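The lines below spell out each chain.
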Amino acid sequence: MAETTVSHLICEALIAAGIDTLYCLPGVQNDDFFDVLLDFGGAIRPVVARHEQGAAYMATGAALATGRPQAYCVVPGEGVLNAAAAHATAWSVHAPVLALHGQIATRALGKGHGLLHEVPAQGATVGAISKHMAELRTEEEAPDQVADALSALLHGAPRPVTIEVPMDLWSQPVRFMPGDLLRRGEGPMLDRSRLADAAAALVGAEAPLMILGGGAHGSAGPIQALAERLSLPVTAQKQGKGALDARHPLFVPYPVGHRLWTEADVVLAVGSRLQVPEMAWGTEGDLTLIAINADGKELNRRGRTTIPLHAMAEEALPALLEAVQEALADRAPPDRRERLAALRTAHAAEIAGLEPSLGHLGVIREVLGEDGIFVEDLTQVAFTGRFAYPTYKPRTYLCSGHAGTLGWGYPAALGAALAAPGRRVLSVQGDGGFLYCANELATAVKYAVPLVALVYNDNAFGNVKRIQQTRFGANRTIAADLSNPDFVAFAESFGALGLRTDGTTDGLHQALETAFDSGRPAVVEVPVAEIYPSPWPFIQLTGGRGGGPFLV
Ligand SMILES: Cc1ncc(C[n+]2csc(CCOP(=O)(O)OP(=O)(O)O)c2C)c(N)n1
C-alpha cells in the first residue's frame, strides 16, 4: 500500500493504462501535480503544447494512430474550453483519450466568486462529451473513481474519459495499491445466440456488402478472412479506411460502395455509425442489416438494424467467421472479383476530372510508403483522398470524423508522429486550416519531430468561398478571403524546413522527398491559383433506396 498523494495516484493510473506521454499545458491549479510528474520522468514524458487545443489534438492523433489510450492535461475553465474542440473531435472519432482537467479549489466550487479560470458547470460541459466523467472531490473516494475511469478508458467502445481534479486535492495523502487501479473488463458481452442468424444471412446473400467504420481497425485479419471466405465486397468511408487494404480485389471505394448498397440484400457493418447510408442512401426494400458496434448507443440509433451485435469487433468478427465457416461447409460463394474490378474501373473514369488532386494523392501515396500516415484536414486534396487515396493499413488514414474540425490536422499529425516514431506522417491542409494550430510548429521543433505539413494556399477559406459562389453568385463571397504569411519564411522562423513547390506532380514529389529526407519538421507550400475541382459530388451521395438529403 503506497502512502502517497492524489498526484501519485494519477501518475500511477497513467502508467497502469500504458500511457507514457502526457500532452500538456501547465498552470497554477495543476502545479502540485506537475511537481510530482517530475519524479515520474522516466515513465511519463510531458510534451508541452503551445495551446490547449494543440495538446488535446495531439493526444487524439496519437490515440488514432496507435489505437492505445493517450492523455492530455490542462488547467481549468478557459484551459479546458480551449481544449474542448479537440476533446469533441476525440468524442466524434471514438478515440481513447484520457483528459486530466484541473479545477478550482473544492471549497470554492459552485460559489461563483470568480476565481482564476473559474467557469460554471465545467464538469457538466465536458461530461456531455466524455464517455465517463470522474469529478474527484475527496481523497478517500479518489482511488475508486480513478479505477472506474480507467475501466471506461480501457474497456468497451473507446471515447474520451475525463478526470477532473481540484487544485487542493493534488497534494492530499491517499492510500491505494497500484494493482487495484485496473479492474476486470466491463466491455459489452457478445450475444452469441445471434451469430447463427447473421452467418445464415451472409451465406445466403445474393448481393452482400461489408462496410467498415472506425471500430474496424483492430480486426484487419478477420475482416479479410471473412471477405475472402464469402467473396464479400468491402467498402469504407473515411474512418474505416485501411482496415482492409485498398489493393485487395474485394475492396471498393465508397462511391462504389454506395452503388453496391443500393443493390444489396445483406449488409454487414463493422464499427460504423451508418449515418450516411441509413439517412442519405436509404434502407428501403429487402435489406438485412447486421451491425457490430461496441457502442450501444450507435448500434441501432435509427432502428434500422436487423441483427444488432453489441460487441467489440475484435471479439465478434472471429466468432462470426467461425459461424460462417460452419454455415458454408464446402460451398464456395460466387466469385465477385471481376465485377468489382469493372466497377472500380468505371469509377476511376468518373472521377478522372479531379486533377490535380488525383495526381497529388498518387505522389503522396508513393512518398508515404507502406505504413506512412495520412492526416486529412479540411481541404480539397484531403477531401478527395476520402475516396481516392488508397489506404493500405489500419490507422494510417486519420480524420476528424463528424466533428469536421478545421485545423485539427497539424497537431493531430504531430501526436501521431510522436506516437509512431520512424514512420512518415503527413498532414494535408489548406492555408486556413494550417493557421489554426501552426503555433505547434514550435512543439515539432522542440521535440525534433520530422512531421511534414503539406499546405495548399489559395489565400482563402476556399471551400466556404466556393459554396458561397455556387449558392449566392460569383460576386457574393464574404469573410472568405485571407491574407497569409510567407509560409516558407514562417516555417523557417520556427527553425523548421520551409519549401514551396509548383502544383506539378514532379515538383510535389521532389519537395515531399526533400522534406522527409531532411528528418526535420517541414512545411511544403503549394500555391493554388484557383481552387481545385470539387470532390463533393462523390462524397455527398444520396438515394438509391429512398433516403433523405445529405445532412451536414
Ligand atoms: C472549427 C471549424 N470552423 C469552421 C469550419 C467551416 N469550414 C469548413 S472548410 C473551411 C475552409 C477551409 O479553408 P482552407 O483550410 O484554407 O482549405 P481550402 O478549402 O481553401 O482548401 C471552413 C471555414 C469548420 N469546418 N470547422
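In this report, we go over the structure that sits alongside the text. Since this is a predicted model, take the numbers as computed values, not measurements.

## Let's talk about the site of the ligand
Right, so step 1: Lining the immediate environment of the ligand, one finds 16 residues, of which Thr-379, Gly-432, Gly-433, Gly-462 and Asn-463 sit closest.
Right, so step 2: Taking Asp-431, its side chain carries an N or O atom lying 2.9 Å from an oxygen atom of the ligand.
Right, so step 3: A distance of 3.2 Å is found between a nitrogen atom of the ligand and a side-chain nitrogen or oxygen belonging to Tyr-436.
Right, so step 4: Taken by itself the ligand offers 590 Å² of open surface, and the protein chains cover 76% of this.
Right, so step 5: The set of elements that each furnish at least two residues to the shell around the ligand consists of helix 17 (431-437) and helix 19 (462-472).
Right, so step 6: For the shell around the ligand, the element with the highest residue contribution is helix 17, accounting for four residues.
Right, so step 7: Here the residues of the shell around the ligand sort into six nonpolar, eight polar and two charged.

## Some thoughts on the sheet that holds strand 4 (residues 70-74)
Right, so step 1: If you walk across this open sheet you meet the six strands as 3-2-4-5-7-6, and the pairing is parallel. Every interior strand has two partners, whereas the edge strands, strand 3 (45-48) and strand 6 (132-135), have only one. Taken over all neighbouring pairs, the strand axes of this sheet differ in orientation by 20 degrees on average, direction set aside.
Right, so step 2: Pairing of strand 4 with strand 5 (residues 97-103), which is carried by five bridges, proceeds in the parallel orientation. Note that in strand 5 the partner of Val-74 across the bridge is His-101.
Right, so step 3: Of the strands in this sheet, strand 4, strand 5 and strand 7 (161-166) touch helix 4 (residues 78-92), which is tilted by about 160 degrees from strand 4.
Right, so step 4: Along the sheet face, helix 6 (residues 142-154) touches strand 5, strand 6 and strand 7 and points at about 165 degrees away from the line of strand 6.

## Some words on unusual backbone geometry
Right, so step 1: Cis rather than trans, the peptide bond between Glu-355 and Pro-356 has omega equal to 10 degrees.
Right, so step 2: Position of Pro-356 relative to the elements: it lies in the loop between helix 13 (337-350) and helix 14 (357-368).
Right, so step 3: Positive phi values are uncommon outside glycine, yet Ser-231 reaches one of about 50 degrees.
Right, so step 4: Mapped onto the fold, Ser-231 is located in the loop between helix 8 (220-230) and strand 10 (234-236).
Right, so step 5: Since its relative accessible area comes to 6%, Ser-231 is described here as buried.
Right, so step 6: At Ala-448, a residue that is not glycine, the phi angle is positive and equals roughly 50 degrees.
Right, so step 7: Tracing the backbone shows Ala-448 in the loop between helix 18 (441-446) and strand 18 (452-457).

## Quick word on the pairing of strand 7
Right, so step 1: The element strand 7 is extensively covered by neighbouring structure, given that six of its six residues are classed as buried.
Right, so step 2: Residues Val-161, Ile-163 and Val-165 of strand 7 are buried on one face, and the alternating residues Thr-162, Glu-164 and Pro-166, pointing to the opposite face, are buried as well.
Right, so step 3: Here strand 5 pairs with strand 7 via six bridges, running parallel. Paired with Gln-103 across the two strands is Pro-166, which belongs to strand 7.

## Thoughts on a nonpolar patch on the surface
Right, so step 1: A cluster of nonpolar side chains, Val-28, Leu-116 and Met-167, forms an exposed patch at the surface whose accessible area comes to about 250 Å².
Right, so step 2: Examined against the element boundaries, Leu-116 turns out to sit in the loop between strand 5 and helix 5 (122-127).
Right, so step 3: For Leu-116, a relative accessible area of 51% puts it in the exposed group.

## Remarks on the packing of aromatic side chains
Right, so step 1: Summed over all chains, the structure comprises 15 aromatic pairs.
Right, so step 2: For the pair Trp-261 and Trp-281, a centre-to-centre distance of 5.9 Å together with 70 degrees between the ring planes defines the contact as edge-to-face. One end of the pair, Trp-261, is in helix 9 (residues 254-263); the other, Trp-281, is in helix 10 (residues 275-281), and 20 residues separate them in sequence. For the pair Trp-261 and Trp-281, one class covers both residues: buried.
Right, so step 3: Members of the aromatic cluster, each reached through a chain of ring pairs, are Tyr-410, Phe-434, Phe-487, Phe-490 and Phe-494.
Right, so step 4: Stacked on the ring of Tyr-392, the Lys or Arg Arg-365 has its end atom at 3.7 Å from the ring centre.

## What to know about the state of the cysteines
Covalent bonding between the sulfur atoms of two cysteines is what defines a disulfide.
Right, so step 1: Applying the stated criterion across every chain yields a total of zero disulfides.
Right, so step 2: Cysteine Cys-24 shares no disulfide, and the gap to the nearest cysteine sulfur, in Cys-73, comes to 6.6 Å.
Right, so step 3: Cys-24 sits in the buried class, given a relative accessible area of 2%.
Right, so step 4: Using a relative accessible area of 0% as the deciding quantity, one classes Cys-73 as buried.

## Observations concerning the sheet that holds strand 15 (residues 373-376)
Right, so step 1: Spatially, 16-15-17-18-20-19 is the arrangement adopted by the six strands of the open sheet, whose pairing is parallel. Strands with a single pairing partner mark the edges of an open sheet, and in this sheet they are strand 16 (397-398) and strand 19 (497-500).
Right, so step 2: The sheet contact formed by strand 15 and strand 17 (residues 425-430) spans four bridges and is parallel. Looking at the pairing, Val-375 lines up with Ser-427 of strand 17.

## Notes on the packing of helix 1 (residues 6-16) against helix 6
Two numbers describe a pair of packed helices, the interaxial angle and the distance between the axes.
Right, so step 1: Where helix 1 meets helix 6, the axes come as close as 11 Å, and the angle between the chain directions of the two elements is 25 degrees. Between helix 1 and helix 6, the angle falls in the class roughly parallel. Relative to helix 6, the crossing made by helix 1 is right-handed. Counting all contacts with helix 1, which are made through Leu-9, Ile-10, Ala-13 and Ala-16, the residues of helix 6 involved are Ala-142, Pro-143, Val-146 and Leu-150.
Right, so step 2: Along the lines of polarity and charge, the residues of the contact of helix 1 with helix 6 split into eight nonpolar, no polar and no charged.

## Describing helix 21 (residues 505-518)
Right, so step 1: Here helix 21 contains 14 residues, and its C-alpha end-to-end distance of 20 Å stays within 8% of the 20 Å for a straight helix at 1.5 Å per residue.
Right, so step 2: The complete set of buried residues in helix 21 reads Gly-507, Leu-508, Ala-511, Leu-512, Ala-515 and Phe-516. Across the axial projection of helix 21, the buried residues extend over an arc of 150 degrees, all falling on one side. Exposed side chains of helix 21 directed beyond 90 degrees from the buried face belong to Asp-506, Gln-510 and Asp-517.

About the criteria used
Residues numbered from 1 in each chain as written. Predicted model: local features only at pLDDT ≥ 70, side-chain atom pairs only at ≥ 80, totals over all residues. Heavy atoms only, no water. Near = heavy atom within 4 Å. Polar contact = N/O pair within 3.5 Å; in protein donor to acceptor, adjacent residues only side chain to side chain. Areas by Shrake-Rupley, 256 points an atom, 1.4 Å probe, with all protein chains shown as cover. Helix = DSSP H or I, 4+ residues; strand = E, 2+ residues; numbered from the N terminus. Nonpolar A, V, L, I, M, F, W, Y, C, P; charged D, E, K, R; others polar. Pairing = 2+ DSSP bridges. Axes fitted to C-alpha atoms, helices over the stretch in contact; angles between N-to-C directions. Contact = heavy atoms within 4.5 Å. Buried < 20%, exposed > 50% of the residue type's maximum accessible area, 1.4 Å probe, protein only. Patch = residues over 30% accessible without salt bridge, like charges linked within 9 Å, V, L, I, M, F, W, Y side chains within 5 Å. Salt bridge = Lys/Arg side-chain N within 4 Å of Asp/Glu carboxyl O. Phe/Tyr/Trp six-rings, centres within 6.5 Å; stacked < 30°, edge-to-face > 60°. Lys NZ or Arg CZ within 6 Å of the ring centre and 35° of its normal. Disulfide = S-S within 2.5 Å. Parallel < 35°, antiparallel > 145°, perpendicular 65-115°, else oblique. Left-handed = near helix turned anticlockwise from the far one by under 90°. Expected span 1.5 Å × (residues − 1). Arc of directions from axis to C-beta.

This is a description of form; function is not addressed.
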